[in-house]
Amino acid sequence: MPDRTQAVFGYPSALRDVTTHYCPGCTHGVIHRMVAEVLDELGVRSRTVGVAPVGCAVLAYDYFNADMQQASHGRAPAVATGIKRARPDLVVFTYQGDGDLASIGMSEILHCANRGEKVTVVFVNNAIYGMTGGQMAPTTMPGQVTTTSPLGRDVRLAGEPIRMAEMLCTLRTPAFVARGAVHRPLHAVRTKDLLRRAFTYQVEDRCFSMVEILSTCPTNWGLPPQEACDWVEQTMVPYFPLGIFKTPDGSDRAPRPVW
Amino acid sequence: MPRIVIERDRCKGCELCVKACPQQILGMTKELNSKGYFFAFVAEQKRCIGCRVCCITCPDVAISMCVNGTMIHYFRY
Amino acid sequence: MAKKLMKGCEAIGEAAIRAGCRLFFGYPITPQNEIPEYLSQRMPQVGGTFVQAESEVAASNMIYGAAGAGERVFTSSSSPGISLMQEAVSYLAGAELPAVIVNIMRAGPGLGGILPSQADYLQATKGGGHGDFNAIVLAPWSVQEAADLVADAFDLADFYRNPVYVLGDGLVGQMMEPVEFRDERQPIRPLEPKTWASTGWKKDRPRAVINSLYLDADTLERHNVDLQAKFATIRRDEVRWQGYHLDGDYDVLIIAYGTVARVCLTAVEELREKGINAAILRPISLYPFPYQALREAAQKASAVLVVELSAGQMVQDVHLALQGSRPVHFLGRTGGNLVSPEEAAAKVADVLEGRSVEVRHA
């Protein structure tokens, strides 16, 4: 009997064979693997440069089998702009958290998208600052307790969570903007497809692409991994709807003024 | 016949795969791996339907799958 | 190549292009606007890339990315903008990336004014950014020298893999002077191919990781020791200065850089006609500062006069150089006012006739 065993699911070659520092159940790992799988599928690993800014995922420069650059907090889209403009033949992606992208780096992401830089932004939204120990982020949910919103986020003082995907889709520059999640396996499958489309738009030199991905932070949310996934389902998804917000050939979604 | 392999020392004991498996054939061991976590293991390999949900769920790529013969997936990953 | 009458800012831009730089990321701020303006028109002509960033913070991080990808990069700004770039300059030094940063200085602090100043001396030479690092700082006094120093800056940046400032007081950027670009210019340092750059890992070299994060203390300390060795080499090999009338006798030695040194040279010529002997030592590299040359030049003088467009910053380095061996006097203008030759000459006379109070530092 010939041995016709085939591997169906295994370690993507674009992911380095190391143990990550991420907490048990943190879905950063899932997103890392899917990005690596997409890079493998598109066959672009050898001409990819990733940008890992400050945050839990700064150590991503140790986790991808590609040339990487570590960027200062919030500036990954600018660093990526520099790389892409210097070497347009490279596939450039940034891997940013919500504190990095939606707080200190808000200006950089908006202008990078508005200039239409042909880079791919992987935006991991876990509603908290992870690496620094669980502070309130721009995407922290109303009432969510963090180390800097001990009584729960008070929207009268800290405002409402920022919806980045919706914000970017009001820009008229063509782009691919979508939001996915990885708290359920089938959501992860759809998110991988979003990532595949995003990177494909870049490989085809078409437009800027960003995929916002709802992710968990069991440690700083104080929830076991599975309950953290449930929390994403019950609390985050209703506020951060999943799907594709903008495609390069679609019209912009800026709200119309009314009198 | 699909077969999944869980690398004991990659697992961080988060139990996401155990809860995600539609066949509920995964369990947590009582012994510790080299990282000091109780790790997941395959309780009933024969009932595995090869849906890859555990592989997709695992944040540490600790679960790999191979198949002997044809395999039909009902979703593209 | 024939001399051409050019504004300082434009000559700086052209010098960068002739140095092979095809990437400029900048942001508008007076008095350096003509650099981005000139390059926005010129870069496309040479197949280069001009990007107007959304802020100096972004611009400085764009040069980080482009430098990390192995390209010659260049940005320019003026004092407040340079302050916004300070974090990135520290990152450039920490990640050992070559970059040229032009600062056409304007009066401060705060929004200050748009007229010339030299009040960013300490920020540039002692490191405005965090951590132990130094950037090479070159200070031109003319449009021609600005163009020449920009060309040298690219070679030094690549050779040392370190940021290099070209520090011009507002005048250098705004005045027009004839300038000549030598086509057959050779690099002033042997330049290696940038195999360390992040150009896509084809596994034919170690994986490139452009990074300054070292969570392990010993590793970070070894990195700091290596960086300090680099800065020691720079202090040994890259000192540049120019002397005027240093070979004859002189009673007062003037220390000044940039266009202020030209003003002082006029003053010294006038003084010499009246029989008063003065000389000038003009630092061209502000880092590394010419301590040794200054110590030697001060031997012949009875007093030293430091002239700056600031409240006194380089004067601190003069004190360090002289270690109290000579009285140090200071003449400074701020707010964008310039030192006039008459003023400088009068100050020299005051120094010689004891009317000037010595500047004491603790």
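Each remark here, short or long, concerns the structure printed above.
Residues numbered from 1 in each chain as written. Chains lettered and ligands numbered in written order. Predicted model: local features only at pLDDT ≥ 70, side-chain atom pairs only at ≥ 80, totals over all residues. Heavy atoms only, no water.

### With respect to the overall build of chain C
Inclusion rule: Helix numbers and strand numbers start at the N terminus; a helix is a DSSP run of H or I with at least 4 residues, a strand a run of E with at least 2. Radius of gyration means the value over C-alpha atoms here, while the globule rule gives 2.2 Å times the residue count to the 0.38 power. Exposed residues in this analysis have more than 50% of their type's maximum accessible area, buried residues have under 20%, and partly exposed residues fall in between, with area computed by a 1.4 Å probe over protein chains only. Note on areas: these come from Shrake-Rupley sampling with a 1.4 Å probe, and a residue is covered only by the protein chains present in the view. For the purpose of charge, His is not counted, nor are the chain termini; Lys and Arg are scored as positive and Asp and Glu as negative. To locate a charge, the coordinates of NZ of Lys, CZ of Arg, CG of Asp or CD of Glu are taken.
Summing up its helical and strand segments, chain C has 13 helices and 15 strands in all. Radius of gyration (C-alpha) of chain C: 21 Å, near the 21 Å computed for a compact globule of 362 residues. Counting only C-alpha atoms and orienting by the principal axes, one finds that chain C spans roughly 70 × 50 × 40 Å. When the 362 residues of chain C are sorted by exposure, 59% land in the buried category. For chain C, the exposed surface amounts to about 13,900 Å²; the carbon and sulfur share of it is 52%. Put simply, chain C has 34 plus and 43 minus side-chain charges, and the middle of one group is 3 Å from the middle of the other.

### A closer look at helix 7 (residues 185-203) of chain A
The following threshold applies: In a helix, the anticipated span is given by 1.5 Å times the number of residues less one.
Taking 1.5 Å of rise per residue, the 19 residues of helix 7 of chain A would be expected to cover 27 Å, and the 27 Å separating its terminal C-alpha atoms lies within 8% of that figure. A positive backbone phi angle near 55° is found at Asp-205 of chain A, which sits one or two residues after helix 7 of chain A.

### Focus on the interface of chain B and chain A
Put simply, the test is: Only heavy atoms enter the contact rule, under which two residues are in contact if any of them lie within 4.5 Å. Buried area: the sum, over both parts, of the accessible surface (1.4 Å probe) that disappears when the two are put together. We define a salt bridge as a contact between a side-chain nitrogen of Lys or Arg and a carboxyl oxygen of Asp or Glu at a distance within 4 Å. Any N or O atom pair separated by 3.5 Å or less is treated as a polar contact, with the protein-specific requirement of one donor-capable and one acceptor-capable atom, and with residues adjacent in sequence counted only for side-chain atom pairs. Ten residue types, Ala, Val, Leu, Ile, Met, Phe, Trp, Tyr, Cys and Pro, are classed as nonpolar, four, Asp, Glu, Lys and Arg, as charged, and the remainder, Gly among them, as polar. Pairing between strands is defined by DSSP: at least two bridges between them are needed.
The interface is formed by 28 residues belonging to chain B together with 37 residues belonging to chain A. Between chain B and chain A, roughly 2,600 Å² of surface is buried when both sides are summed, and carbon and sulfur atoms account for 61% of that area. In this assembly, chain B and chain A are joined by two salt bridges. When the shortest N-O distance is used, the salt bridge between Asp-17 of chain A and Arg-10 of chain B registers 2.5 Å. The interface formed by chain B and chain A holds 13 residue pairs in polar contact (both at pLDDT 80 or more) in total. Counting residues per element, the ones that place at least two in the side of chain B that touches chain A are helix 1 (16-20), helix 2 (53-57) and strand 4 (63-68) of chain B. Classifying every residue of the side of chain B that touches chain A gives 16 nonpolar, five polar and seven charged. Here four bridges tie strand 1 (residues 5-9) of chain A to strand 4 of chain B, and the two strands are oriented antiparallel to one another. When the bridges of strand 4 of chain B are listed, Ala-7 of chain A appears paired with Cys-66 of chain B.

### Describing the nonpolar core
Condition: Among the buried residues, those of types Ala, Val, Leu, Ile, Met, Phe, Trp, Tyr and Cys that are joined through side-chain atoms within 4.5 Å form a nonpolar core. Delimitation of the domains relies on an automatic or database domain assignment.
Counting residues in hydrophobic clusters, the biggest one holds 128 residues, and the most contacted among them are Phe-208 and Met-210 of chain A together with Phe-74, Leu-253 and Val-318 of chain C. Per element, the largest residue contribution to this core is 10 residues, and it comes from helix 7 (residues 143-160) of chain C. Two domains each donate at least three residues to this core, and these are domain 1 (4-197 + 225-237) and domain 2 (243-352) of chain C. Setting aside chain neighbours within four positions, we find Phe-208 of chain A in contact with Ile-109, Cys-112, Ala-113, Gly-116, Glu-117, Lys-118, Val-119, Val-121, Leu-168, Pro-174, Ala-175 and Phe-176 of chain A.

### Overview of the side chain of Gln-32 of chain C
Residues and elements named next belong to chain C. Tracing the backbone shows Gln-32 in the loop between strand 2 (23-26) and helix 2 (34-45). Classification of Gln-32 by relative accessible area gives buried; the value is 0%. The contact partners of Gln-32, leaving out residues within four places of it in the chain, are Cys-9, Tyr-27, Ser-76, Ser-77, Ser-78 and Ile-104.

### Some thoughts on the interface of chain A and chain C
Much of the literature gives interface size as the accessible area that the parts lose upon coming together. At the interface, 35 residues of chain A touch 36 residues of chain C. Together, Asp-67, Gln-70 and Arg-85 of chain A form the three largest contributors to the area buried by chain A at its contact with chain C, with a combined 22%. With its nearest N and O atoms 2.5 Å apart, the salt bridge here joins Asp-67 of chain A to Arg-205 of chain C. Here chain A is connected to chain C by 21 residue pairs in polar contact (both at pLDDT 80 or more).

### Brief notes about the sheet that holds strand 3 (residues 49-52) of chain C
Residues and elements named next belong to chain C. For clarity, the threshold we go by: Fitted lines through C-alpha atoms give the axes, limited to the stretch in contact for helices. The angle between two N-to-C directions lies from 0 to 180 degrees.
If you trace the seven strands from one edge of the open sheet to the other, you get 3-2-4-5-7-6-13, paired in mixed fashion. Lying at the two open borders of the sheet, with one neighbouring strand each, are strand 3 and strand 13 (285-287). If you compare each strand with its neighbour and ignore which way they point, the axes differ by 20° on average. Packing of helix 7 onto the sheet brings it into contact with strand 4 (73-77), strand 5 (99-105), strand 6 (136-138) and strand 7 (163-169), and relative to strand 7 it is tilted by some 160°.

### As for the arrangement of the chains
Contacts between protein chains span two pairs of chains, and they are most numerous for chains A and C. Contact between chain B and chain C is absent, and the least distance between their C-alpha atoms amounts to 20 Å.

### Observations concerning the pairing of strand 6 (residues 175-181) of chain A
Residues and elements named next belong to chain A. Spelled out, the test is: Handedness is read with the strands pointing away from the viewer; a crossover is right-handed when the path from the first strand over the helix to the second is clockwise.
Where burial is concerned, most of strand 6 is hidden: seven out of the seven residues are buried. Burial along strand 6 is two-sided: the face carrying Ala-175, Val-177, Arg-179 and Ala-181 and the face carrying Phe-176, Ala-178 and Gly-180 are both buried. Bridge count between strand 6 and strand 7 (residues 208-214): seven bridges; the pairing is parallel. Opposite Ala-175, over in strand 7, you have Phe-208 as the bridge partner. Handedness of the crossover joining strand 6 and strand 7 through helix 7 is recorded here as right-handed. Direction of pairing for strand 6 relative to strand 8 (residues 243-246): antiparallel, over a ladder of three bridges. Residue Arg-179 lies in a different strand from strand 8, and its bridge partner there is Gly-243.

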